[in-house]
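Here are the chains, one letter per residue:
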Amino acid sequence: MPSASEPTTAPATTSPATAPPTGAGTTRRRTADRVVQVVAVVLLAAAVLAFPSLAPNPYILSAGVVVLNYAVLSTSWSFVGGFTGYISLGHGALAGLGGYGTALLVTKAGLPSFVALAVAALLVAALAVPIGFAALRVRGASFVIVSIALVLILLLVFQSWASLTGGSRGLVVPRPFPDLLRPEHHRVFYYLFAGLLALALLAWWMIDRSRFGLGLKAIREDEDKAEALGTPTFAYKLVVFVVSAAFTALGGGLYALWFGDLDPVFQFSILTGSYLVLMALLGGVRNLFGPLVGALVVGIGLEYFKVEFGDTQLHLVATGLLLALVVLFMPDGVLPAIGSLLGRMRPAQNSIREVTAAELRDQRVAAAGAPAAREPVDAVASTAGERAQSTEERA
Amino acid sequence: MSERSEVPSLATDGLTKAFGGVVALDGATVEFRHGQVNALIGPNGSGKTTFFNCVTGMIRPDGGQVTYQGRDITGAAPHRIVRAGLGRTFQLCRVFPRMTALDNVLAAVRPVGLTGLLRGAHVRADLDRARGWLTRLGIEHLADVEARNMSWGQQKLLELAGVLMSDPETVLLDEPAGGVNPALLDRIGTLVRELNAEGRTFVIVEHNMDLVMSVSDHIVVFDRGRPIAEGPPSLIRSDERVLGAYLGV
């Protein structure tokens with residue numbers, strides 16, 4: 001422990017004696033965790049990549065494309081919802097804007113499909129600046145309401161502005177690969193979505209481990225406190241909202257190129273945003289692969305329920321039930337629940353806490369008779385004893 | 001402590017703030033000197049915390065001016081005020097509950113530029129500095145513990161570690177002794193003295209008179225949103241207006 005009189009602006013580096021208790025046990029456990037994680041990721045990636053070859057028919061393959069689209073969108077959502085805790089129900093609208101933007105740039109401006117996709121994503125990102133500027137001023141329930149308003153406003157605009165958008169008749173998007181047969185078309189887009197998903201996951205991971213990410217998580221925990229520690233919270237939120245919007249727009253635009261037909265009712269639907277929230281919450285918003293896992297579960301569930309219950313609204317009931325179950329039994333999501341389950345199956349950790357050299361010394365010092373340290377307290381009190389003693393020595 | 005500079009560190013001029021009909025600050029003009037441990041005392045509702053909130057940009061004053069080291073910081077965003085060198089703790093201590101103690105402290109790192117932002121949050125230099133503060137405050141053994149699992153006293157120390165990590169020249173402490181056991185109280189007092197000796201200015205809002213009298217060089221007494229007395233502890237202890245405000249005599 002640095003002595004009291006040491007003139008430190010920045011405190012001294014920890015000496016070996018007071019090094020924190022990252023004992024060999026902890027390190028080994030971490031390495032084991034890392035191995036499990038890497039294996040899980042490799043298996044997941046292999047399963048995703050192998051799926052098109054295993055899919056028995058084009059319908060199943062197209063369902064796979066839909067699920068991957070959901071995975072891209074919910075991962076994109078999680079840049080805002082996961083890091084900052086701002087729950088947006090309006091991300092469906094950002095995907096819709098990406099879709100319509102791409103479609104219109106192809107049909108009206110004659111851009112090549114994938115150039116149109118990139119330009120549309122940039123335009124949506126630019127548009128996200130004023131949207132975020134307005135929406136991110138409010139927190140909690142108010143932010144949710146504002147995000148819903150965004151969807152409803154855009155729905156009205158795109159339905160009414162029929163001369164540009166085709167209105168309720170819909171908008172046909174020319175296919176980027178007109179020569180491909182339907183199964184091949186699905187296969188190509190499946191891999192395009194997988195690539196986009198990988199890109200979004202990579203960006204999420206980079207932010208997650210960065211100082212920027214730590215600032216965003218501080219905002220999620222306590223925004224005023226983060227600001228009081230020097231984080232420019234509004235700028236942080238705005239930047240991550242724009243990044244989220246760009247990825248969401250890419251997902252929506254790619255969907256437009258794949259599906260080939262846009263209708264405002266589906267593109268600007270609150271249901272889309274709700275599904276994204278459900279997926280992310282279900283998988284676990286604090287986890288890189290949470291939204292992806294959630295999208296797999298909910299996306300597959302949705303397709304299954306639709307096939308089972310046909311045109312009825314029962315698939316919504318089933319989805320609602322799923323959400324209720326997750327919130328009740330796995331409030332942090334599936335992945336953290338699995339994590340803690342694995343943790344319980346691990347060979348028993350020490351139930352008696354390991355004592356570090358520093359703590360032992362503190363205890364000795366306390367026992368040596370600083371009266372302040374009499375109380376049966378944690379290390380705080382005993383180190384206080386030590387401090388008192390060192391002050392005496394100086395005096 | 002012999003040669004305290006006479007430069008005002010933090011000063012306010014006619015600071016006013018009303019919440020509805022309640023006047024929390026009523027033209028408060030105060031000056032805190034650089035390099036001193038200043039205390040701000042007064043009965044409940046006398047405007048001490050509102051004063052802190054106005055000074056640190058958490059709320060915007062209705063009128064008046066706040067200057068820090070000669071710069072006008074009235075109404076600036078809180079993060080800018082922190083970056084100018086003015087850090088604070090909160091009355092009901094605030095930490096990030098679902099972050100480890102280490103991350104709580106690291107959250108105060110100030111990244112510069114895009115590369116600074118995208119650098120890993122756990123780079124060596126930052127980690128060493130953060131662990132150093134945890135060690136200094138005696139909670140280094142809790143580095144990997146989530147803040148919500150720490151005791152009240154430990155959380156108070158953690159909050160202080162975070163504030164110190166942002167390397168403020170002036171530290172505002174809002175009731176550091178609230179809900180704290182005598183041993184820890186002692187420790188906080190010693191720490192304030194040490195940090196002051198290293199060149200940090202303090203402004204402390206506190207009800208615990210033992211702490212106030214033992215650590216501060218200069219005491220400002222608030223009543224009804226404005227200072228009614230100020231001076232060294234020896235003078236304040238016997239000031240009739242202070243006794244009146246506190247005891248209603």
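My aim in this report is to walk through the structure given alongside it, one point at a time. Predicted, not measured: the structure shown is a model, and the values here were computed from it.

### Structural notes on the environment of Val22 of chain B
Point 1. As for its position among the elements, Val22 of chain B is in strand β2 (residues 22-33).
Point 2. Residues Val22 of chain B and Gly45 of chain B, spaced 23 residues apart in sequence, show a C-alpha to C-alpha distance of 10.0 Å.

### Focus: the sheet that holds strand β1 (residues 8-19) of chain B
Residue and element names in this part refer to chain B.
Point 1. The strand order across the open sheet built from four strands is β2-β1-β4-β5, with neighbouring strands paired in antiparallel fashion. Of all the strands in the sheet, the pair left with one neighbour each is β2 and β5 (71-72).
Point 2. Judged from the five bridges that link them, β1 and strand β4 (residues 63-68) form a sheet pairing that is antiparallel. Within the sheet, the bridge partner assigned to Thr16 lies in β4 and is Gly63.
Point 3. Helix α1 (residues 48-55) rests against β1, β2 and β4 of the sheet, and its axis sits at about 115° to β1.

### Thoughts on the pattern of salt bridges
Point 1. For the coordinates displayed, the defined rule picks out 23 salt bridges over all chains.
Point 2. Arg124 of chain B is paired through a salt bridge with Asp128 of chain B; the nearest N and O atoms lie 3.2 Å apart. Placement of both Arg124 of chain B and Asp128 of chain B in helix α5 (residues 124-136) is noted, with a separation of four residues, approximately one turn of the helix.
Point 3. The exposure class assigned to Asp128 of chain B is buried, which follows from its relative accessible area of 17%.
Point 4. The shortest N-O distance in the salt bridge between Glu198 of chain B and Arg136 of chain B comes to 2.7 Å. Of the two residues, Glu198 of chain B is situated in the loop between α7 (182-197) and β8 (201-205) and Arg136 of chain B in helix α5; the sequence distance between them amounts to 62 residues.
Point 5. One connected set of salt bridges, linked through shared partners, spans Arg139, Asp222, Glu223, Asp224 and Lys237 of chain A together with Arg94 of chain B.

### Quick word on the pairing of β8 of chain B
All names here are of chain B.
Point 1. The buried fraction of β8 amounts to five of the five residues, a majority that puts the element mostly inside the structure.
Point 2. Residues Thr201, Val203 and Val205 of β8 are buried on one face, and the alternating residues Phe202 and Ile204, pointing to the opposite face, are buried as well.
Point 3. Here four bridges tie strand β3 (residues 37-41) to β8, and the two strands are oriented parallel to one another. Residue pairing in the sheet places Leu40 in a bridge with Val205 of β8.
Point 4. Of the pairings in the sheet, the one linking strand β7 (residues 170-174) to β8 comprises five bridges and is parallel in character. Across the sheet, Leu172 pairs through a bridge with Val203, a residue of β8.
Point 5. For the segment spanning β7, α7 and β8, crossover handedness is right-handed.

### Observations regarding the sheet that holds strand β10 (residues 226-231) of chain B
Residues and elements named next belong to chain B.
Point 1. Spatial ordering of the open sheet is given by β6-β7-β8-β3-β9-β10, a layout of six strands whose pairing is mixed. Of all strands in the sheet, those bounded by a partner on one side alone are β6 (86-88) and β10. On average, each strand axis in the sheet is inclined to that of its neighbour by 20°, with strand direction left out of account.
Point 2. As paired strands, β6 and β7 are joined by three bridges and run parallel to one another. Bridging from a neighbouring strand, Leu86 pairs with Thr170 of β7.
Point 3. Along the sheet, α1 contacts β3, β6, β7, β8 and β9 (218-223); its crossing angle with β7, the most-contacted strand, is approximately 145°.

The rules we used
- Residues numbered from 1 in each chain as written.
- Chains lettered and ligands numbered in written order.
- Predicted model: local features only at pLDDT ≥ 70, side-chain atom pairs only at ≥ 80, totals over all residues.
- Heavy atoms only, no water.
- Helix = DSSP H or I, 4+ residues; strand = E, 2+ residues; numbered from the N terminus.
- Pairing = 2+ DSSP bridges.
- Contact = heavy atoms within 4.5 Å.
- Axes fitted to C-alpha atoms, helices over the stretch in contact; angles between N-to-C directions.
- Salt bridge = Lys/Arg side-chain N within 4 Å of Asp/Glu carboxyl O.
- Buried < 20%, exposed > 50% of the residue type's maximum accessible area, 1.4 Å probe, protein only.
- Right-handed = clockwise from strand over helix to strand, strands pointing away.

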